[in-house]
Amino acid sequence: MTVRFSIATTVIILWCLLALLASVLPLDPDRIVLQKILVAPEWQSWLGYDDLGRSIVDRIIIGARTSLLVAVCVVLVSAVTGTLLGMLAGWLGGWCDHLMVVVLDIFMAFPGILLAIAMAGLLGPGIINAVIALTLVGWVGFARLARAQTLGIKQREHITAAHALGTRGWRIGRQHILPLIAAPLIIEATFAVSATVIAEASLSFLGLGVQAPGSSWGSMIREGTRYMLVAPHMVLAPGIAICLVVLSINLLGDRLRDILDVRQTVRG
Amino acid sequence: MLTYLIKRIITAFFVLLGVSTMVFLLIHIVPGDPVQAMLGESAQPADLEAMRIALGLHLPLLQQWLEFMNNLLHLDLGESFYSRRDISLLLAEHLGPTAILAVASLLIAICIAVPLGSLAAMNRGSHWDRIAMGFSTLGIAIPNFWMGPLLILIFSIALGWLPVSGSKGLSSLILPAITLGTALAALLSRMVRSSLLEVLTEDYITAARARGMSSARVILRHAMPNAALPVITVLGMQLGGLLAGAVITETIFSWPGIGQLTIESIQRRDYPVVQACVLVISFTYVFVNLLTDLCYGMLDPRVRLEQ
């Protein structure tokens, strides 16, 4: 368990470091070398070259930046919006809560990333639109969780006491509810990061995310599928990168769940 | 049970109403003029106006919505701007292949998950358990847009056993079904394992064992039927993921289903077809969830009594 967790943490740190240092490292992801078209992995370029003779290592690193940037943006905005709306609905109750339940039910009636695919398609291809589409879908999970947790906690004695002492609603939310519901939300956010990495790559694979000559792991797989017969490394390298990152984040999420022990936290 | 049934159907009705409204609003999120986006920059003003009238976009929003709902009730989804064909007919043509793919993937997922999950639960903490859960963790992490090309690489290109794409015969169904079914199998095997582990600690299992019943009989006759209930719920909920995954899988394998139609329509900017595809997939998802809930109520008397 510890070894697995150490490997997962190392992969995540490496992913973040590569993504953050991408603009500092001497990379040239768009440099076309005609002599190197579809060349298999070699010493100068560990992962080989693509159909335009561009270094796949360089493009993978730039792809890491894209996936990290999108994941952080989407999860951050979704988490803040979803948590605020969910807490508000749970705290206020009444028609406000009913309305939230209806809205959540409607959003959840769209399976998986279908709504994001449709939205990204209608907004037009591009990374910004992909981020918008994923955020519009992503807040739902956080809102649902925050609402349920707030409903469970708002009846507790310390909340009633704070209320009786005249503490303002937003202060109760910030100081007395949020710390108690933070653990499940952090776990949700961890899994949301891995889901967003896959979702962004899916959109880019479908041609709805990052556009050429930009680089995303999803778009790299898409380009690679056309040359699978002669250059399978074009598909293998970005796929392994996605799997490693997603697997590591999921393992970290599992570990966090064990450490934070959600059920115990909620039951108090 | 009847009250539960009515309550559940009313909820589903409002959800469908909301889903339809969301889908109606989708065309309005297109930046700028959706008609201009569909016809391109070089379109003549007369053509733009004609298209605007054909789509009803010249009407006030509320009237557009009422018109949309009225047409939906009459199963009139309009006409494809690209092929000029009735969208309902277009959907009917593509629904079959998607249904075949979804059922095949579901079968594959069940065939992998039930034995694997059971094996893991019966040998908790053993190598079998670790292998099964390793498969599950890996299966969840591998996205289908990579799994598909990987399977093509192995079974079509390297071994030459199966066709790369298309929809001719059973052989062309195998790879897309495995691609789509693996992630579900990974999730389900985890669910089967935890559900079985919970059931195996029940008194009636101990009683069955005490009566000298064989391990296989205990599992098949007493544990499985009770462990199946939560698994069925998860299965219903995950069918949505399967349908959304079909969009990508069908694109990889050129499988002529709703998913491929959705992506092609997005590329052609055929917005009415995109709306119709999203609507059909979401409606199917809501109906399947409703059916799952009702089945759950029928299978488990406790659910009926609680309601």
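Residues numbered from 1 in each chain as written. Chains lettered and ligands numbered in written order. Predicted model: local features only at pLDDT ≥ 70, side-chain atom pairs only at ≥ 80, totals over all residues. Heavy atoms only, no water.

Caption draft 1: Region of interest: the overall build of chain A. If you tally the helices and strands in chain A, you get 10 helices and 0 strands. Counting helices and strands in the order they occur from the N terminus, chain A gives α-α-α-α-α-α-α-α-α-α. Each of the three principal axes of chain A carries a C-alpha extent, and together these read 75 × 45 × 30 Å. Per-residue burial for chain A yields a buried fraction of 51% across its 268 residues. Of the charged side chains in chain A, 19 are positive and 15 negative; the average position of the first set lies 8 Å away from that of the second. (Helix = DSSP H or I, 4+ residues; strand = E, 2+ residues; numbered from the N terminus. Buried < 20%, exposed > 50% of the residue type's maximum accessible area, 1.4 Å probe, protein only. Lys, Arg positive; Asp, Glu negative; His and termini not counted. Charge placed at Lys NZ, Arg CZ, Asp CG, Glu CD.)

Caption draft 2: Main features of the interface of chain A and chain B. Every contact between the two is made by 40 residues of chain A and, on the other side, 42 residues of chain B. Contact between chain A and chain B buries roughly 3400 Å² in total, counting both sides, with carbon and sulfur atoms accounting for 85%. Among the residues chain A hides against chain B, the three largest losses belong to Leu-114, Leu-122 and Met-228 of chain A. Together they make up 19% of the total. For the pair chain A and chain B, the interface holds 0 salt bridges. In this assembly, chain A and chain B are joined by 1 residue pair in polar contact (both at pLDDT 80 or more). (Contact = heavy atoms within 4.5 Å. Buried area = accessible area lost by both parts, 1.4 Å probe. Salt bridge = Lys/Arg side-chain N within 4 Å of Asp/Glu carboxyl O. Polar contact = N/O pair within 3.5 Å; in protein donor to acceptor, adjacent residues only side chain to side chain.)

Caption draft 3: Structural view of the confidence of the model for chain A. Residues and elements named next belong to chain A. On average, residues of chain A score 90 in pLDDT, and 97% of them reach the 70 mark or higher. The element-level mean pLDDT for chain A is lowest in helix H10 (residues 262-267), coming to 48, with helix H2 (residues 56-92) highest at 95. In this model, residues 264-268 is a region of pLDDT below 50 whose contacts with residues beyond four sequence positions or in other chains number 8 contacts. (pLDDT = per-residue confidence, 0-100.)

Caption draft 4: The arrangement of helix H7 (residues 169-205) of chain A in detail. All names here are of chain A. Between the first and last C-alpha of H7 there are merely 45 Å, a value that for 37 residues lags more than 12% behind the 54 Å anticipated at 1.5 Å per step. When the local axis directions of H7 are compared, the greatest deviation, roughly 55°, occurs at Leu-178, which is followed within four positions by the proline Pro-179. Once H7 finishes, Gly-207 follows within two positions and takes phi at roughly 85°, a positive value. (Expected span 1.5 Å × (residues − 1). Bend = angle between axes of the 7 residues up to and from the residue.)

Caption draft 5: Region of interest: the nonpolar core. Membership of the largest hydrophobic core comes to 144 residues, with the highest contact counts inside it found for Trp-15, Ile-117 and Trp-217 of chain A together with Leu-91, Phe-145, Leu-188 and Val-278 of chain B. Considering every element that reaches this core, the biggest residue donor is helix H10 (residues 215-253) of chain B, with 17 residues. When residues of this core are sorted by domain, at least three fall in each of domain 1 (2-73) and domain 2 (94-268) of chain B. The residues touching Val-278 of chain B, leaving out its near neighbours within four places in the chain, are Phe-110, Leu-114 and Ala-118 of chain A together with Val-23 and Leu-26 of chain B. Membership of the second largest hydrophobic core comes to 14 residues, among which are Ile-159, Ile-172, Ile-177 and Ala-189 of chain A. (Core = buried A, V, L, I, M, F, W, Y, C linked by side-chain atoms within 4.5 Å. Domains from an automatic or database assignment.)

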